[in-house]
Amino acid sequence: HGSSHHVVRLGVHLPEDKEVVIDAIDDVVPEMEESQIRTKLEAYFIYCQENPTLNLKYKDMAVECVWEPKTFKWRKRISGHQYMCARIYMVSPSQTELFAIRSLLTVRGGVKSFKDLRTHPETGEVYETFHEAAIALNLVRDNEVFRLAFKDMAGFHQPKALRRAFVYMVSN
């Protein structure tokens, strides 16, 4: 039988807490300044800065672009997009700021930086935290965090895993 869609996993991280994995199977990565080594999320911000009219959401990057691991950049995809899909890694709602970043990235397009992600798209107000920005966009409200998490998980987790997640959420 033939192969199905290729799933690209997209990580999220706090601004000061990035982790970059360099695949040892690839050719040796050329000597690069530390500032040139980027996560997929940081490279997404740069791509949006360079292409402001596209208004791409983070999850759409894998369909529209190809990740270049040697240069740590997204490049416009020429073909094969019909067989691509992306999954943003799950984040526990107990990690409030990280969960808010993930929530914001699922609805906002064309985000150019972490500061831009904290900025209200209509009013221009810059919030101190990602959680405050998510609340302002009605993405997160008290127990709404749990509802969003379960809605996201329900599509691909088994009932046993959902029960465990529920117990974890109500006990933490």
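Here the structure is shown first, and the text comes after it.
These notes cover the structure that comes with them. The structure displayed is predicted, hence computed values, not measured ones.

Basis of the calculations
- Going along each chain's sequence as written, the residues are numbered from 1 onward.
- Only residues with pLDDT of 70 or above have their local features reported here, since the model is predicted, and side-chain atom pairs are shown and tallied only from 80 upward, although totals for entire chains, interfaces and linings are computed over all residues.
- As a convention, hydrogens and water are excluded, and side-chain values are obtained from all of the structure's heavy atoms.
- Burial status follows relative accessibility: with a 1.4 Å probe on protein chains alone, a residue under 20% of its type maximum counts as buried, one over 50% as exposed, and anything between as partly exposed.
- By the criteria applied, helices consist of DSSP H or I runs no shorter than four residues and strands consist of E runs no shorter than two, each listed in order from the N terminus.
- Here, two residues are considered to be in contact whenever any of their heavy atoms come within 4.5 Å of each other.
- Method remark: on a 1 Å grid restricted to protein atoms, a set of points is classed as a cavity if a 1.4 Å probe fits but cannot get out and as a pocket if it is open with protein on both sides within 12 Å along at least five of seven lines; lining residues have an atom within 4 Å of a point.
- Grid points are joined across faces, edges and corners, and a volume is the space filled by probe spheres set on the points.
- Residue type decides the class: Asp, Glu, Lys and Arg count as charged, Ala, Val, Leu, Ile, Met, Phe, Trp, Tyr, Cys and Pro as nonpolar, and the leftover types, Gly among them, as polar.
- A side-chain nitrogen of Lys or Arg and a carboxyl oxygen of Asp or Glu constitute a salt bridge if their distance falls within 4 Å.
- By the criterion applied in these results, polar contacts are pairs of N or O atoms within 3.5 Å in which, for protein atoms, one can donate a hydrogen and the other can accept it, and in which residues neighboring in sequence qualify only through two side-chain atoms.
- Side-chain rings of Phe, Tyr and Trp (the six-membered ring for Trp) are treated as a pair once their centres are within 6.5 Å; stacked means planes under 30 degrees apart, edge-to-face means over 60, and tilted covers the remaining angles.

1. Topic: helix α1 (residues 40-50)
Okay, step 1: For α1, the full list of buried residues reads L41, E42, A43, Y44, F45, Y47 and C48.
Okay, step 2: Against the buried residues of α1 lie α2 (61-64), β2 (65-68), β3 (73-76), α3 (96-107) and α4 (114-117).

2. A look at the layout of surface pockets
Okay, step 1: Computed from the structure, the second largest pocket encloses a volume of approximately 400 Å³.
Okay, step 2: Lining of the second largest pocket is provided by 19 residues; of these, R102, S103, T106, L148 and D152 occupy positions nearest its centre.
Okay, step 3: Of all the secondary structure elements, the ones that give two or more residues to the lining of the second largest pocket are β4 (84-88), α3 and α6 (144-154).
Okay, step 4: The element that contributes the greatest number of residues to the lining of the second largest pocket is α6, accounting for six residues.
Okay, step 5: Counted by class, the lining of the second largest pocket contains nine nonpolar, three polar and seven charged residues.

3. So, the pattern of salt bridges
Okay, step 1: On inspection of all chains with the given rule, the structure shows four salt bridges.
Okay, step 2: K59 is the partner of D60 in a salt bridge, and the nearest nitrogen-oxygen pair spans 3.7 Å.
Okay, step 3: Taking the relative accessible area as the measure of exposure, D60 reaches 27% and is therefore partly exposed.
Okay, step 4: Residue classification places K59 among the partly exposed positions, given a relative accessible area of 34%.
Okay, step 5: R75 is paired through a salt bridge with E68; the nearest N and O atoms lie 2.6 Å apart.

4. Here's the deal with the side chain of T119
Okay, step 1: Within the fold, T119 resides in the loop between α4 and α5 (130-136).
Okay, step 2: Polar contacts involving the side chain of T119 include one to the main-chain carbonyl oxygen of K115, which spans 2.8 Å.
Okay, step 3: Not counting chain neighbours up to four residues away, the residues in contact with T119 comprise R108, G124, E125 and V126.

5. Considerations on the packing of aromatic side chains
Okay, step 1: For the structure shown, the criterion picks out five aromatic pairs.
Okay, step 2: Measuring from centroid to centroid gives 5.9 Å for Y44 and F45, while their planes differ by 50°, and the two rings are tilted.
Okay, step 3: Under the relative-accessibility criterion, F45 is labelled buried at 4%.
Okay, step 4: Ring centres 5.2 Å apart and planes at 50° place the aromatic pair Y44 and Y58 in the tilted group. Of the two residues, Y44 is situated in helix α1 and Y58 in the loop between α1 and α2; the sequence distance between them amounts to 14 residues. In terms of burial, Y44 and Y58 fall into one category: buried.
Okay, step 5: An aromatic cluster of at least three residues, connected via ring pairs, comprises Y44, F45, Y58, F114 and F130.

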